[in-house]
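Chain and residue survey
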Amino acid sequence: MTIPFLAPRESYLELKEEIDSAYQRVMNSGTYILGEEVRQFETDFATYCGSKHCVGVASGLDALILSLKALGIEEGDEVIVPSHTFIATWLAVTSVKAIPIPVEPDPATFNINSDQLECAITSKTRAIIAVHLYGLPADLPAISYICKKHNLFLIEDAAQAHGARVNGTRIGSHGDAVCWSFYPGKNLGAFGDGGAITTNSDIIAERTRILGNYGSKKKYENEVCGVNSRLDPLQAAMLRVKLNHLDRWNKHRQEIADIYISSLTGTGIELPVIPVNYDHVWHLFVIRHPRRDSLQEYLAKNDIISLIHYPIPPHLQEAYRSNDLIGHRYPIAEKMAEQVISLPIGPHIGDQTAHFIAGCVLNFLASNSS
Ligand SMILES: *Cc1c(COP(=O)(O)O)cnc(C)c1O
């Protein structure tokens, strides 16, 4: 039997009764846009994150775009982004016509290298987007300090880090706006698209809420040119159910990560590094190997599906061909794209399966060592 990379249906089967009753509650309520379910989820998620506000939106990408707009970032402004991230981080910046300024990752943590941030700041820089890649929080103490010092906004792309902590504090209120995705494969995933912004700022909460609802606070009165980006009440109701299980699922991910780490330490494969006082939530378990493609083939032959996050860095994407960035080299991001491989992790991977997968990686290493 093939070991899938993700199994989103399993979370439905596990919680079928609760999910079905949430679905029926919404269907019988007669409210299919916003309403009590969305408001309740926003309250629950803000409480979970320790933030003052949560604003539901239609996707993680929209959360980023609306945050940039709410902060007044516009054409010609520079926004510092990681060179190694999912394309959405960059798309948000270019969709408001601002300029993404890439900074390379620390190869040990995969997250933006905070030592290199200050070199990238110019008089046009308005914000830094810190991505908590793969589930590990970025270096928030240093990044927050740099933002304050240079009067920049801090936006967090927390799409992969539901429940992660820095120095015991959950992600969700460090930056001016913290952006979440509830895409089904995320640690907290809906059964369709969804997203949210958490913030301690009354102003940013109000602005993002208005921007996502046609620029209107009062029906048919439009203060600004907004868009339609709202969290679906069906998704909100099902997310309320799943939020109660998030910590347990994250704990399970940690157990699987522990198995991988203990099995693969000292074998020559590059393992993820977790800084002291950081709680990783293992959205992805990413290792590095110079013969990554052969490793992926070997795993596939053993019925293990692995994925690459991500095979082409944003600056080399066709989408950014006409961008000035195309002439620049980001060698660390490019090397990551060549060497990273993600092993299956999540509630659907049991301990025995994790041992089997780690064993296959070890067999590959043994057969390649000569
Ligand atoms: C998934 C993801 C997004 C986008 O979320 P969507 O809900 O798919 O729009 C943004 N940034 C990162 C890092 C992601 O992993």
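Every value quoted in this text rests on a predicted model; they were computed, and no experiment measured them. (Residues numbered from 1 in each chain as written. Predicted model: local features only at pLDDT ≥ 70, side-chain atom pairs only at ≥ 80, totals over all residues. Heavy atoms only, no water.)

Let's talk about empty space enclosed by the protein
Stated precisely, the cut-off is as follows: With a 1 Å grid spanning the protein atoms alone, the term cavity applies to any set of points in which a 1.4 Å probe fits but cannot get out, the term pocket to an open set with protein on both sides within 12 Å along at least five of seven lines, and the term lining residue to any residue with an atom within 4 Å of a point. Grid points are joined across faces, edges and corners, and a volume is the space filled by probe spheres set on the points. For this classification, the nonpolar set comprises Ala, Val, Leu, Ile, Met, Phe, Trp, Tyr, Cys and Pro, the charged set comprises Asp, Glu, Lys and Arg, and every other residue, Gly included, is treated as polar. Domain delimitation in this document rests on an assignment produced automatically or drawn from a domain database.
Applying the stated criterion across every chain, the model contains 2 cavities of 30 Å³ or more. Its volume calculated, the largest cavity comes out at about 50 Å³. Across the lining of the largest cavity, the residue classes break down as 9 nonpolar, 2 polar and no charged. Two domains each donate at least three residues to the lining of the largest cavity, and these are domain 1 (8-103 + 111-243) and domain 2 (246-367). Volume-wise, the second largest cavity comes out at about 40 Å³. Looking at the second largest cavity, the residues that line it are S83, H84, T85, Y310, I312, P313, P314 and A337.

Quick notes on the site of the ligand
Using the following cut-off: Near, as used in this document, describes a residue that has one of its heavy atoms within 4 Å of the molecule or strand being considered. Counted as a polar contact is a pair of N or O atoms within 3.5 Å, where, for protein atoms, one must be capable of donating a hydrogen and the other of accepting one, and residues adjacent in sequence contribute only when both atoms are in side chains. Here the accessible surface of atoms and residues is derived via Shrake-Rupley with a 1.4 Å probe, and residues count as covered only by protein chains that are part of the display.
As a matter of local geometry, the ligand sits amid S59, G60, L61, F86, A88, V131, D157, A159, Q160, S181, K186 and G194. The backbone of L61 places a nitrogen or oxygen atom 2.9 Å from an oxygen atom of the ligand. Interatomic distance of 2.6 Å between a side-chain N/O atom of S181 and an oxygen atom of the ligand. Here the ligand has 380 Å² of accessible area as a free molecule, and 90% of this is covered by the chains.

Some remarks on the domain arrangement of the protein chain
By a frequent convention, interface size equals the accessible area lost on bringing the separate parts together. Applied cut-off: In this description, contact between two residues means that some pair of their heavy atoms is separated by no more than 4.5 Å. Here the quantity called buried area is the total loss of accessible area, with a 1.4 Å probe, experienced by two parts when brought into contact, counted for both. Basic side-chain nitrogens of Lys or Arg form a salt bridge, by our definition, when they fall within 4 Å of a carboxyl oxygen of Asp or Glu. Only DSSP runs of H or I covering at least 4 residues are called helices, and only runs of E covering at least 2 are called strands; the numbering of each starts at the N terminus.
Taken domain by domain, the protein chain comprises domain 1 (8-103 + 111-243) and domain 2 (246-367). On a C-alpha basis, the centres of domain 1 and domain 2 stand 24 Å from each other. The interface of domain 1 with domain 2 comprises 39 residues on the first partner and 31 residues on the second. Buried area between domain 1 and domain 2, summed over both chains or domains, comes out near 2,900 Å², and the portion from carbon and sulfur atoms is 60%. When the buried surface of domain 1 facing domain 2 is broken down by residue, Y134, L136 and N187 rank first, second and third, together holding 25% of it. Seen at the junction of domain 1 and domain 2, the total is 3 salt bridges. Linking domain 1 to domain 2 there are 20 residue pairs in polar contact (both at pLDDT 80 or more). Of all the secondary structure elements, the ones that give two or more residues to the side of domain 1 that touches domain 2 are α1 (8-14), α5 (87-95), β3 (99-103), α7 (140-150), β6 (165-166) and α9 (233-243). It is α5 that contributes the most residues to the side of domain 1 that touches domain 2, 4 residues altogether. Looking at the side of domain 1 that touches domain 2, its residues break down into 19 nonpolar, 13 polar and 7 charged.

Description of the packing of helix α2 (residues 16-29) against α9
For clarity, the cut-off: An axis is simply a line fitted to the C-alpha atoms; with a helix, the fit covers only the stretch in contact. Between two such axes, the angle follows the N-to-C directions and lies from 0 to 180 degrees. Any angle between 65 and 115 degrees counts as roughly perpendicular, while under 35 counts as roughly parallel, over 145 as roughly antiparallel, and the rest as oblique. By convention the crossing between two helices is left-handed if the near helix lies anticlockwise of the far one by an angle smaller than a right angle, and right-handed if it lies clockwise.
Axis separation between α2 and α9 bottoms out at 9 Å; the angle between their running directions is 150°. It follows that α2 is roughly antiparallel to α9 by the angle criterion. In this structure, α2 crosses over α9, and the sense of that crossing is right-handed. Within the contact between the two elements, α2 uses E18, I19, A22, Y23, R25, V26 and M27 and α9 uses P233, L234, A237, M238, R240, V241 and K242. A breakdown of the residues in the contact of α2 with α9 according to their chemical character gives 10 nonpolar, no polar and 4 charged.

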